[in-house]
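Below are the chains, spelled out letter by letter.
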Amino acid sequence: RHYFNWVKMREWIEAPKPRMMGTPPESLLRSLACAVAMMHKEGLANVYARHALLADAFRAFVHATGCELAAKEPAYRSNTISAMELPAGIRAGDIVKRALDNDNVAIANGQDHQKDTVIRMGHMGACTPDMLMRGVQALSRAFGAAGMDAKLAQSGVDACAEVLAGRDRVETKLARA
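Residues numbered from 1 in each chain as written. Predicted model: local features only at pLDDT ≥ 70, side-chain atom pairs only at ≥ 80, totals over all residues. Heavy atoms only, no water.

## Digging into the pairing of strand β4 (residues 118–122)
The side chains of a regular strand alternate, residue by residue, between the two faces of the sheet.
Link 1 in the chain: Where strand β2 (residues 81–85) lies against β4, five bridges are found, and the strand directions are antiparallel. When the sheet's bridge partners are listed, Ile81 is paired in β4 with Gly122.
Link 2 in the chain: The pairing of strand β3 (residues 108–109) with β4 spans two bridges and is classified as antiparallel. Bridge assignment links Asn109 to a residue of β4, and that residue is Ile119. (Pairing = 2+ DSSP bridges. Helix = DSSP H or I, 4+ residues; strand = E, 2+ residues; numbered from the N terminus.)

Structure representation (structure tokens):
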């Protein structure tokens, strides 16, 4: 944060022995500019709608597998990332490792006291329905390998796909109108 602390920068430049603050993180600034341009191209309302859709689809996956979201109250749920509580006997670290090793899908485990009992799935930024489906399929396989009933794990994938397909049907009807 010191890169753009103009007061501190002025103090350093005007000091008896001037010094530099350092090199600004140019790659981060360019990446931010690119991300903002992508958001403008898609339209901010569409970005928010896509995040909400992906969140709803992932929540359907969670509930269909018999699991729960860490955020119990809907008002506290985010449309950018979801934390999923795992069933007893399934460790978050194992799921994260299996998803990455077997399917090249990066999922995060919980933090602090939830490190072993929660996984976090992001559904924001440039995430698409296809990317989310790839993620829940990887989770389903990891859950099966960790001891969850394979049919139960697959029911989560099916529930996620159903939410995403419902949106596609609505968009198709709107496009024809």
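## Quick look at unusual backbone geometry
Link 1 in the chain: Non-glycine residue Asn104 carries a positive phi angle of around 55°.
Link 2 in the chain: Structurally, the position occupied by Asn104 is in the loop between α4 (92–103) and β3.
Link 3 in the chain: One non-glycine residue, Asp112, lies in the positive phi region at around 55°.

## Digging into the packing of α4 against helix α5 (residues 129–145)
Link 1 in the chain: With their axes 9 Å apart at the nearest point, α4 and α5 run at an angle of 115° to one another. Seen along the crossing, α4 lies across α5 with a hand that is right-handed. In contact with Ile95, Arg98, Ala99 and Asp103 of α4, α5 contributes Arg134, Ala138, Leu139, Arg141, Ala142, Phe143 and Ala145.
Link 2 in the chain: Broken down by class, the residue content of the contact of α4 with α5 amounts to seven nonpolar, no polar and four charged. (Axes fitted to C-alpha atoms, helices over the stretch in contact; angles between N-to-C directions. Left-handed = near helix turned anticlockwise from the far one by under 90°. Contact = heavy atoms within 4.5 Å. Nonpolar A, V, L, I, M, F, W, Y, C, P; charged D, E, K, R; others polar.)

## Brief notes about the packing of aromatic side chains
Link 1 in the chain: According to the stated counting rule, one finds two aromatic pairs in the structure shown.
Link 2 in the chain: Ring geometry for Phe58 against Phe61: centres 5.7 Å apart, planes inclined by 25°, an arrangement best described as stacked. Taken together, the residues Phe58 and Phe61, both in helix α3 (residues 44–64) and three residues apart, mark about one turn of the helix. Take Phe58 and Phe61: they sit in the same class, and that class is buried.
Link 3 in the chain: Ring centres of Phe61 and Phe143 lie 6.2 Å apart, and the angle between their planes is 20°; on these two criteria the pair is classed as stacked. With a gap of 82 residues between them, Phe61 in helix α3 and Phe143 in helix α5 connect regions that are remote in the sequence. Considered together, Phe61 and Phe143 belong to a single accessibility category, that of buried residues.
Link 4 in the chain: Three or more aromatic residues joined by ring pairs make a cluster, and in this case those are Phe58, Phe61 and Phe143. (Phe/Tyr/Trp six-rings, centres within 6.5 Å; stacked < 30°, edge-to-face > 60°. Buried < 20%, exposed > 50% of the residue type's maximum accessible area, 1.4 Å probe, protein only.)

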